[in-house]
Structures are given as structure tokens and as C-alpha cells.
Amino acid sequence: MSSSTSPSTHLRVACVQLNPVLGNVEANIAKARSLTASLKPGQVDLVCFPEMTFTGYVFTSPSAIEPFLSPASLSPTTAFCRSLAERLDCFVAAGFPEKGDDGKAYNAAVLVDCNGIRHVYRKSFLYETDENWAEEGPGFQTIDLPAPLGSTTIGICMDINPKGFVAPFDAYELANYVLSSGASTLILLCAWLDSAPDDAHTSWSQDTVRYWAARLRPLWDREDGGPVNVVVCNRTGVEEGVTFVGSSTVMRLSPGEIDVVGLLKRTVEGVLALDVPI
């Protein structure tokens with residue numbers, strides 16, 4: 001794959017920010033295909049899509065989400081990501097609503113390469129919208145991937161927050177897990193709300209990006225260790241009266257340093273493609 005032939009000093013990532021239409025899976029996949037059409041084989045090591053990227057996010061009951069639940073192996077999200085991974089020779093990560101082997105519903109993320117599914121992660125910390133239909137996953141996990149990704153942790157949106165918004169802020173659950181696991185890459189797939197939609201005249205949400213960095217403090221407020229590359233892939237748009245903040249961001253966090261390598265505007269649909277030093 002491209003991950004074995006990319007420059008050893010950089011991770012080449014493409015972060016896809018889009019505004020899906022709730023429940024219109026085929027149209028959302030078509031939009032994603034169009035947005036990624038300009039990416040060339042061998043250009044990227046990793047492509048990321050947001051949380052529940054092709055179904056939309058705001059489902060209010062188990063019955064509302066039921067038509068869109070499927071095992072990872074049968075999910076339209078997985079099928080599209082596999083086709084993209086095959087075309088680009090890279091890894092692809094995307095969020096989707098999963099029907100587990102246990103019959104339970106999960107807010108999940110699938111990671112694929114050109115050979116198929118490499119990992120399925122289930123959201124550990126549920127937001128109030130998730131609680132309408134989803135079960136908690138078993139906890140954070142790290143998987144070993146070829147360079148330049150290396151040891152990689154996948155999280156989903158609320159996972160970066162204090163659990164239930166009641167845990168101490170300085171527990172830093174996800175960041176401390178990443179640090180203790182030795183991961184060099186953190187992928188965070190989001191449907192992050194805009195806490196100040198009336199402030200949309202700003203091109204990107206400084207408060208949101210600063211908050212993400214603050215929640216990852218253990219990864220930069222340390223004295224030693226290698227860098228951790230963080231890909232925060234968020235959606236944009238308005239769904240069922242809920243506004244999403246966009247502002248997808250790629251950061252390189254190392255001892256004493258926060259390097260924002262690139263970001264997207266809060267309302268744009270597009271691809272952030274860049275090389276991140278490792």
C-alpha cells in the first residue's frame with residue numbers, strides 16, 4: 001500500500017469535511033465520491049470521513065436508526081471506503097451506525113485498506129443524541145499499522161470530552177490513554193456541534209480548535225517522547241435544527257508544542273490534504 005512507500009518523514013492525510021443529508025445514504029456517498037475524485041493513487045496514506053458520515057447524525061430513537069444499522073461487513077460505508085482504499089492504495093476511516101454480532105446498536109468507526117476491514121471501533125463515551133439508540137463500546141483501543149501511521153488510536157467525537165461531562169476535566173481520559181498506549185497517530189471522527197452558531201462570520205471556530213487542543217493536553221504538556229499526529233475530521237452543515245462547526249483540524253503534538261498543520265473553514269465542504277511530519 002501507499003503507507004509502505006510514502007516518505008518516511010511524513011504522514012500524508014486527507015480529511016474530508018462534508019454536510020450529509022439525514023438518511024440519504026446514496027446521495028451522501030455520491031458527494032463523498034465527488035469530493036475525493038481529485039485524489040490520486042499514491043498521494044495519501046490515510047483518508048478520514050466524519051462520524052456517521054453517510055447516514056447523518058441526529059436520530060431520535062431506535063426505530064429511526066434501525067433501517068440504517070448493519071454489520072461492518074455489510075455496511076454501505078464500508079463498501080465505499082473499501083473502493084476508495086483500493087483506488088488510492090491507502091487506509092480509509094469513516095463513522096457509521098453498526099449492528100453488532102450481539103444484536104446491539106453502536107456508533108462505530110471502520111478502518112479499511114485495499115484488503116478489507118482492518119479495525120472496527122465502537123464509541124466509548126456517548127453524547128445525549130447517541131443515548132437515543134446506541135450502546136457504549138468496550139473502551140479505547142490501539143492498533144498497529146504500517147508506517148507512517150504506526151500505532152493508531154481511533155476515537156469518535158464525545159470520546160475526547162470528560163465522560164458524561166461529569167468526570168474531572170483533568171482526567172483527560174482519551175489523551176492519557178493515547179499517551180500510555182504509545183500511539184503515534186490519533187484519528188478523531190466527529191459530528192461536533194457549533195456552540196456559537198451566531199458567530200459564523202469567523203472562518204473557523206478558534207474556540208473549538210483550542211478546546212480540542214486543551215483536551216489533548218497530556219500529549220503536549222510533557223517533557224519527553226515522540227510526536228503524536230492528530231486528525232480531527234468533523235462534519236459541517238445543519239441537521240434537524242442542529243448546527244455543526246466544521247473546522248476539521250490536523251495537529252502535531254509534541255513535548256511543549258502544539259503545531260496546527262492545517263484546518264478547514266467551519267462551513268466548507270471539501271478535502272484538507274496535507275503532509276504531516278512524523
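Structure's up top.
Small disclaimer: the values here were computed from a predicted structure and weren't measured.

The rules behind each value
- Residues numbered from 1 in each chain as written.
- Predicted model: local features only at pLDDT ≥ 70, side-chain atom pairs only at ≥ 80, totals over all residues.
- Heavy atoms only, no water.
- Disulfide = S-S within 2.5 Å.
- Buried < 20%, exposed > 50% of the residue type's maximum accessible area, 1.4 Å probe, protein only.
- Pairing = 2+ DSSP bridges.
- Helix = DSSP H or I, 4+ residues; strand = E, 2+ residues; numbered from the N terminus.
- Axes fitted to C-alpha atoms, helices over the stretch in contact; angles between N-to-C directions.
- Contact = heavy atoms within 4.5 Å.

Tallied over the entire structure, the rule returns zero disulfides. Cysteine 114 takes part in no disulfide bond, and the closest cysteine sulfur to it belongs to cysteine 90, at a distance of 8.8 Å. Looking at cysteine 114, the relative accessible area reads 23%, which means it is partly exposed. The thiol sulfur of cysteine 157 is not disulfide-bonded, and the nearest other cysteine sulfur, from cysteine 190, lies at 4.2 Å.

This part covers the sheet that holds strand E1 (residues 10-17). Ordered in space as E5-E4-E3-E2-E1-E14, the six strands form an open sheet in which the pairing is mixed. Lying at the two open borders of the sheet, with one neighbouring strand each, are strand E5 (116-122) and strand E14 (270-277). Adjacent strand axes in the sheet meet at a mean angle of 25 degrees when their direction is disregarded. As paired strands, strand E2 (residues 46-48) and strand E3 (residues 91-99) are joined by three bridges and run parallel to one another. Bridge pairing in E3 places cysteine 48 opposite alanine 93. Helix H3 (residues 76-88) contacts E2, E3, strand E4 (105-113) and E5 of the sheet and is inclined by roughly 15 degrees relative to E4.

Don't take any of this as a statement about function, it's just geometry.
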